[in-house]
Protein chains: 2
Amino acid sequence: MRTELGESPDVVERLLAAARPTVQAVARTVHDGGIRTVVIAARGTSDHAAVYAQYVLGARNGLIVAPATPSLSSLYDRPPRFDGTLVLGISQSGSSPDVISVLGDARSQGAPTVAITNEPDSELALAADRVIELGAGPERAVAATKTYLAEIAIVAMLSAALSGEAASWSELAAAPDAMRAALATEAAVERAAAALGGIEECIVLARGYQYATAREWALKLKELTHVVADPYSSADFRHGPIALVEQGFPVLAVASAGPAVAGMIELLDVLASRGAEILVLSDDAGARERGTGLELPAQPEWLSPLAAIIPAQLFAYHLALAKGLDPDAPRNLTKVTRTV
Amino acid sequence: MRTELGESPDVVERLLAAARPTVQAVARTVHDGGIRTVVIAARGTSDHAAVYAQYVLGARNGLIVAPATPSLSSLYDRPPRFDGTLVLGISQSGSSPDVISVLGDARSQGAPTVAITNEPDSELALAADRVIELGAGPERAVAATKTYLAEIAIVAMLSAALSGEAASWSELAAAPDAMRAALATEAAVERAAAALGGIEECIVLARGYQYATAREWALKLKELTHVVADPYSSADFRHGPIALVEQGFPVLAVASAGPAVAGMIELLDVLASRGAEILVLSDDAGARERGTGLELPAQPEWLSPLAAIIPAQLFAYHLALAKGLDPDAPRNLTKVTRTV
């Protein structure tokens with residue numbers, strides 16, 4: 001896992017060149033078809049790339065993004081009407097029957113379909129009109145790392161292609177170096193993980209673009225460390241779950257500089273006053289001061305999930321080691337999960 | 001809270017008559033406008049009515065349902081293009097600025113907007129073209145109960161109106177009696193809660209229509225009992241979080257008879273073999289045998305969340321009492337939460 005995690009910047013750098021023609025073709029399909037709604041079918045880690053898409057394609061490209069409800073295709077045989085929407089299936093292995101069934105229904109209804117997968121010969125790829133290959137090389141660790149980065153890079157590329165702005169592509173070109181800078185924070189991340197070695201449950205907070213990072217961080221913690229990590233938008237958190245917080249309750253937060261950071265700082269101050277033990281991943285010094293701070297490289301906010309997930313992945317990895325667990329052999333899991 | 005919870009069947013019964021003209025008018029707007037996509041802005045409990053809408057309006061009415069990303073309106077000032085979609089805001093109080101801002105953006109773009117709220121004079125109601133009033137009477141308990149039932153009843157009514165099927169309305173007319181039958185299971189629910197008085201974390205599983213129930217059950221547990229309750233679709237649960245389950249780990253499940261029940265039984269057998277402590281809410285005897293079973297009244301599956309949440313609410317209420325907590329005064333919370 002640690003080796004594959006370290007390959008992420010190179011994977012994304014290659015992808016920026018290799019996947020661009022197909023991504024541009026998908027963007028033309030959207031423009032030419034007057035498409036306004038995108039449906040995304042995905043599970044587990046890949047579903048968090050879909051969460052990122054909700055924000056980036058909404059804010060930058062004006063699209064409505066809906067998560068698929070795969071059971072309506074795979075179990076109930078009552079899919080919604082997909083025609084006129086763009087339907088994406090995101091899956092490292094390309095082999096989960098429920099995700100495949102959504103693309104099958106969409107294609108049979110005439111909707112343009114795209115598979116985003118590391119396995120270009122997979123059943124998901126065969127079910128789609130177009131395939132965008134992650135090109136991440138084999139991912140053997142059960143916990144996905146570099147393929148998640150590749151998936152969110154493809155979503156970001158799709159946003160750049162839809163916008164047609166050269167500046168977006170320039171910003172994307174700088175992302176691999178930001179990811180390398182994030183990898184270089186490992187020693188500090190390892191210390192923070194060791195200090196929290198005893199946690200059994202926690203909340204993971206973020207808002208806006210980084211909400212995807214909170215979701216994926218929480219999943220990595222569950223998979224690798226058995227910590228019951230519950231991710232929340234910092235707004236939704238105030239509508240009920242904040243009742244959980246008492247003296248010593250661990251709160252992890254991701255907060256990038258931008259319109260959401262002031263609200264996050266305000267919330268962290270409330271949680272600190274109730275005794276929460278706070279860890280903050282941020283490129284904003286004010287946010288980092290709200291607890292144990294881990295520095296993120298400065299990036300345009302829309303691309304910030306590309307760097308931010310790396311210290312989060314490293315944190316889960318080192319917390320697993322601190323707990324005496326093997327991050328390469330998580331309990332109860334196999335690499336490929338096929339759900340119907 | 002317990003008093004208001006008990007009022008739910010009467011609230012829904014009144015609503016079936018009182019709200020029908022407005023719901024029919026919204027359905028005509030959808031048909032006449034050729035609308036295919038519904039965007040829903042909601043927080044907390046109301047967001048789970050939106051989850052129900054994803055399934056019921058997708059499976060029965062062919063609509064694509066997208067949860068709003070309110071921060072794109074309220075913080076980033078970069079809303080997506082709402083025109084051509086139906087935009088619903090669901091909020092008991094009608095006063096959360098982020099939900100209001102989504103409806104404001106949608107209306108200014110020319111999209112039809114509907115407020116579903118218990119407060120017809122609220123800012124949310126003023127921001128919308130049409131208001132569907134919950135008519136639940138004052139809800140003083142911080143933990144929403146009867147207003148959640150009213151919200152999902154309105155979603156079900158919208159589905160019936162869109163389908164134009166008389167049979168759907170007949171099925172809906174029987175829902176209040178199913179809710180009364182669910183209330184009558186209280187003694188068994190109280191015993192089950194007392195037996196689980198020591199839990200500090202748990203997973204809540206469901207699939208399809210009942211996924212909304214799992215989400216709302218988990219929220220009630222967090223608000224009232226401080227149990228870190230993590231809700232999952234039983235498919236998503238296999239893609240990572242299943243790593244959490246070990247000897248004695250508490251698993252709560254909601255499983256209605258229908259296409260999803262066989263997969264749930266299979267998953268519960270896997271979890272039982274790993275030592276999970278299982279509680280099942282179901283109208284299916286086979287599912288109930290997988291652990292401590294609590295019986296749900298038989299209902300058409302699309303309406304099953306209307307009865308199923310009642311024993312779940314009662315369970316959270318009695319678990320709070322078993323833990324020595326006051327369900328009418330949950331920690332850190334106020335009735336109205338205003339997030340931007």
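This section reports on the structure supplied with the text. Computed from a predicted structure; not experimentally measured.

**Examining the overall build of chain A**
The helix and strand tally for chain A stands at 16 helices and 10 strands. Relative to the globule expectation of 20 Å for 340 residues, the C-alpha radius of gyration of chain A, 19 Å, shows essentially globular dimensions. Along the three orthogonal principal directions, the C-alpha set of chain A runs to about 55 × 45 × 40 Å. The buried share of chain A, reckoned over its 340 residues, is 67%. Counting only carbon and sulfur atoms, one obtains 48% of the accessible surface of chain A, whose full area is about 10500 Å². Averaging the locations of the 27 positively and 39 negatively charged side chains of chain A gives two centres separated by 3 Å.

**Topic: the side chain of T45 of chain B**
All names here are of chain B. Topologically, T45 is positioned in helix α4 (residues 45-61). Among the polar contacts listed, one links the side chain of T45 to the side chain of K220, at a separation of 3.3 Å. If sequence neighbours within four positions are ignored, T45 has contacts with A144, Y148, E151, E216, L219 and K220.

**Topic: the environment of G135 of chain A**
All names here are of chain A. Looking at the secondary structure, you find G135 in the loop between β5 (130-133) and α8 (146-163). Judged by relative accessible area, which is 30%, G135 ranks as partly exposed. Residues G135 and I40, 95 residues apart in the sequence, show an inter-C-alpha distance of 20 Å. With residues near it in sequence (within four places) discarded, G135 still touches V11, R14 and N118.

**Some thoughts on unusual backbone geometry**
Although it is not a glycine, H226 of chain A adopts a positive phi angle of roughly 65 degrees. The phi dihedral of D77 of chain B falls on the positive side, at around 55 degrees, and the residue is not glycine. Among the structural elements, D77 of chain B can be located in the loop between α5 (71-74) and β3 (86-91). In this structure D77 of chain B comes out as exposed when scored by relative accessible area, which is 61%.

**Describing the relation of the copies chain B and chain A**
Of the two same-sequence chains, chain B is brought onto chain A (RMSD 0.0 Å, axial shift 0.0 Å) by a rotation of 180 degrees. One copy is carried onto the other by what is essentially a two-fold rotation axis. Closest approach to the rotation axis within chain B is made by the C-alpha atom of A66 of chain B, at a distance of 2.1 Å.

**So, the interface of chain B and chain A**
Contact with chain B, which involves 69 residues of that partner, is made by 69 residues of chain A. Taken over both partners, the interface formed by chain B and chain A buries close to 5900 Å², and the fraction arising from carbon and sulfur atoms is 55%. One can count 10 salt bridges joining chain B with chain A. Measuring nitrogen to oxygen at the nearest pair gives 3.8 Å for the salt bridge that ties D98 of chain B to R207 of chain A. Summed over the shared surface of chain B and chain A, the number is 33 residue pairs in polar contact (both at pLDDT 80 or more). Breaking the side of chain B that touches chain A down by element, the ones donating at least two residues are β1 (37-42), α4, β2 (64-67), α5, α12 (211-225), β7 (228-233) and α13 (234-238) of chain B. For the side of chain B that touches chain A, the per-class residue count stands at 31 nonpolar, 18 polar and 20 charged.

Calculation criteria
Residues numbered from 1 in each chain as written. Chains lettered and ligands numbered in written order. Predicted model: local features only at pLDDT ≥ 70, side-chain atom pairs only at ≥ 80, totals over all residues. Heavy atoms only, no water. Helix = DSSP H or I, 4+ residues; strand = E, 2+ residues; numbered from the N terminus. Rg over C-alpha atoms; globule rule 2.2 N^0.38 Å. Buried < 20%, exposed > 50% of the residue type's maximum accessible area, 1.4 Å probe, protein only. Areas by Shrake-Rupley, 256 points an atom, 1.4 Å probe, with all protein chains shown as cover. Lys, Arg positive; Asp, Glu negative; His and termini not counted. Charge placed at Lys NZ, Arg CZ, Asp CG, Glu CD. Polar contact = N/O pair within 3.5 Å; in protein donor to acceptor, adjacent residues only side chain to side chain. Contact = heavy atoms within 4.5 Å. Least-squares fit on C-alpha atoms with pLDDT ≥ 70 in both. Buried area = accessible area lost by both parts, 1.4 Å probe. Salt bridge = Lys/Arg side-chain N within 4 Å of Asp/Glu carboxyl O. Nonpolar A, V, L, I, M, F, W, Y, C, P; charged D, E, K, R; others polar.

Coordinates in, geometry out; function isn't part of it.
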